[in-house]
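Residues per chain are reported as follows:
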Amino acid sequence: MSSPCVLQAEALHKTYPGSAAPAVDQCDLTIREGELFGLLGPNGAGKTTFVSLVSTLLKPDSGRASICGMDIGTRPDKVRNIIGLVPQNIALYAELTARENLGYFGRLYGLRGGKLKERIRQCLEWVGLEDRADQRIGTYSGGMKRRINLAIGLLHNPRFLLLDEPTVGIDAQSRNLILEKLAFLPQRGTTILYTTHYMEEAEKICTRVGIIDRGHIVAQGSPEALLEQGDASSLGDLFLNMTGKQLRD
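An account of the accompanying structure is given in this report. Computed from a prediction, not measured in an experiment: that's the story for all the values here.

Glancing now at the overall build of the protein. Helices and strands together make up the secondary structure of the protein, namely nine helices and 10 strands. The C-alpha radius of gyration of the protein comes to 18 Å, within 12% of the 18 Å expected for a compact globule of 249 residues. With the C-alpha coordinates of the protein rotated into their principal frame, the extents come out at 50 × 45 × 40 Å. Relative to its 249 residues, the protein shows a buried fraction of 49%. A fraction of 68% describes how many contacts in the protein between residues 6 or more apart in sequence connect residues 24 or more apart. Total accessible area on the protein is roughly 11900 Å²; 49% of this is exposed by carbon and sulfur atoms. Positive and negative charge centroids in the protein, built from 29 and 28 side chains respectively, lie 8 Å apart.

Printed below as a string of structure tokens:
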């Protein structure tokens, strides 16, 4: 029996004003409870737009999507209550400490009092920054900022966590810690959509992956199944076979 569906996207479509080509083009995608799903694609492939659509930050031009059975178009407030979003850009207040940032965002999630304090403590410990909690974010390294960014997305124990390239530009130690922690989250009941262009990360932690290019989902399945079907030795090779070697900068 299949696990319950967490994300169901059908013919999701978005074209930005002034653009000749859609950023997301008739995308169908299903993610089931307990999956760590990697959405892979080159720069400009549509990864961030897709995350923005299903997290209710953008409205699709057409198509539909639901999270845990709730339509993103008609019930956006309900959807936002059960998702966590970790954006590609650091979304922190540099003049506040890590603890103050977590407190601010925790209150936006509706957490208060002792429950908020305990969740802050747990999240700081989880990302290995409890001893730097009262240091201003502006003094943090890139890796530390990424880890606090992740902690904020987890404060309210979301059922569905959306991560948009959360390890871009950080040191190897921070990347390793983040990947180890993410791999453990589905066991605690959090389903994950993880966008990246680091193929080795997807091979390491994802239970299923999809490759998006020019707004289309061109392949999806378990890493092992995709490698077998594509007669490739690694996801990196398969990715280049499907998306080409032309630069996308």
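Back to the write-up after that little detour.
Another point: the nonpolar core. Core analysis: the biggest nonpolar cluster contains 47 residues, and I148, L150, L161 and L182 have the highest contact counts within it. The greatest single-element share of this core, amounting to six residues, is contributed by helix α5 (residues 142-154). Beyond its immediate stretch of four places on either side in the chain, L161 contacts G84, V86, L150, G153, L154, L182, L185, T190, T191, I192 and L193.

So, on to the sheet that holds strand β4 (residues 62-67). Pairing is antiparallel across the open sheet formed by four strands, whose spatial order is β2-β1-β4-β5. Sheet topology places β2 (24-32) and β5 (70-71) at the edges, where each strand pairs with a single neighbour. Across two bridges, β4 lies against β5 in antiparallel orientation. Its bridge partner lying in β5, I67 is registered against M70.

Our next topic: the side chain of H13. Examined against the element boundaries, H13 turns out to sit in strand β1 (residues 5-14). Non-local contacts of H13, meaning those with residues more than four positions away in its chain, are made with P22, V24, D25, Q26, P60, D61 and S62.

A few words on helix α4 (residues 113-126). Between its first and last C-alpha atoms α4 spans 20 Å; for 14 residues at 1.5 Å apiece the expected length is 20 Å, and the two agree. Looking only at α4, the buried set comprises L116, R119, I120, C123, L124 and W126. End-on, the buried residues of α4 take up no more than an arc of 155°, which puts them together on one face. Of the exposed residues in α4, those oriented more than 90 degrees away from the buried face are G114 and K117. The inward-facing, buried residues of α4 contact α3 (98-108), α5 and α6 (172-184). Following α4 by one or two positions, G128 adopts a phi angle in the positive range, close to 70°.

For the rest of this paragraph, the subject is the packing of aromatic side chains. All told, the structure shown has three aromatic pairs when counted by the stated rule. When the centroid spacing of 6.2 Å and the interplanar angle of 25° are considered together, the rings of Y93 and F105 count as stacked. One end of the pair, Y93, is in the loop between β6 (83-86) and α3; the other, F105, is in helix α3, and 12 residues separate them in sequence. Look at F105 and you get buried, because its relative accessible area is 18%. Look at Y104 and F105: their rings are 5.2 Å apart centre to centre, the planes differ by 80°, and that puts the pair in the edge-to-face class. Judged by its relative accessible area of 34%, Y104 is partly exposed. Clustering of aromatic rings is evident, with ring pairs tying together Y93, Y104 and F105. Between R175 and the ring centre of Y198, over which it is positioned, the NZ or CZ distance is 4.7 Å.

Next up on the list: unusual backbone geometry. For Q26, which is not glycine, the phi torsion reads 55° and is therefore positive. Looking at the secondary structure, you find Q26 in strand β2. Q26 sits in the partly exposed class, given a relative accessible area of 44%. A positive phi angle is found at T56, which is not glycine, with a value near 75°. One can find T56 in the loop between α1 (47-54) and β4.

Before going further, it helps to spend a moment on the state of the cysteines. Counted according to the given criterion, the structure contains zero disulfides. C5 carries a free sulfur, and the closest cysteine sulfur to it, the one in C68, is 8.4 Å from it. You can see C206 has no disulfide; the closest cysteine sulfur is in C27, sitting 17 Å from it. Taking the relative accessible area as the measure of exposure, C206 reaches 8% and is therefore buried.

About the thresholds
- Residues numbered from 1 in each chain as written.
- Predicted model: local features only at pLDDT ≥ 70, side-chain atom pairs only at ≥ 80, totals over all residues.
- Heavy atoms only, no water.
- Helix = DSSP H or I, 4+ residues; strand = E, 2+ residues; numbered from the N terminus.
- Rg over C-alpha atoms; globule rule 2.2 N^0.38 Å.
- Buried < 20%, exposed > 50% of the residue type's maximum accessible area, 1.4 Å probe, protein only.
- Contact = heavy atoms within 4.5 Å.
- Areas by Shrake-Rupley, 256 points an atom, 1.4 Å probe, with all protein chains shown as cover.
- Lys, Arg positive; Asp, Glu negative; His and termini not counted.
- Charge placed at Lys NZ, Arg CZ, Asp CG, Glu CD.
- Core = buried A, V, L, I, M, F, W, Y, C linked by side-chain atoms within 4.5 Å.
- Pairing = 2+ DSSP bridges.
- Expected span 1.5 Å × (residues − 1).
- Arc of directions from axis to C-beta.
- Phe/Tyr/Trp six-rings, centres within 6.5 Å; stacked < 30°, edge-to-face > 60°.
- Lys NZ or Arg CZ within 6 Å of the ring centre and 35° of its normal.
- Disulfide = S-S within 2.5 Å.

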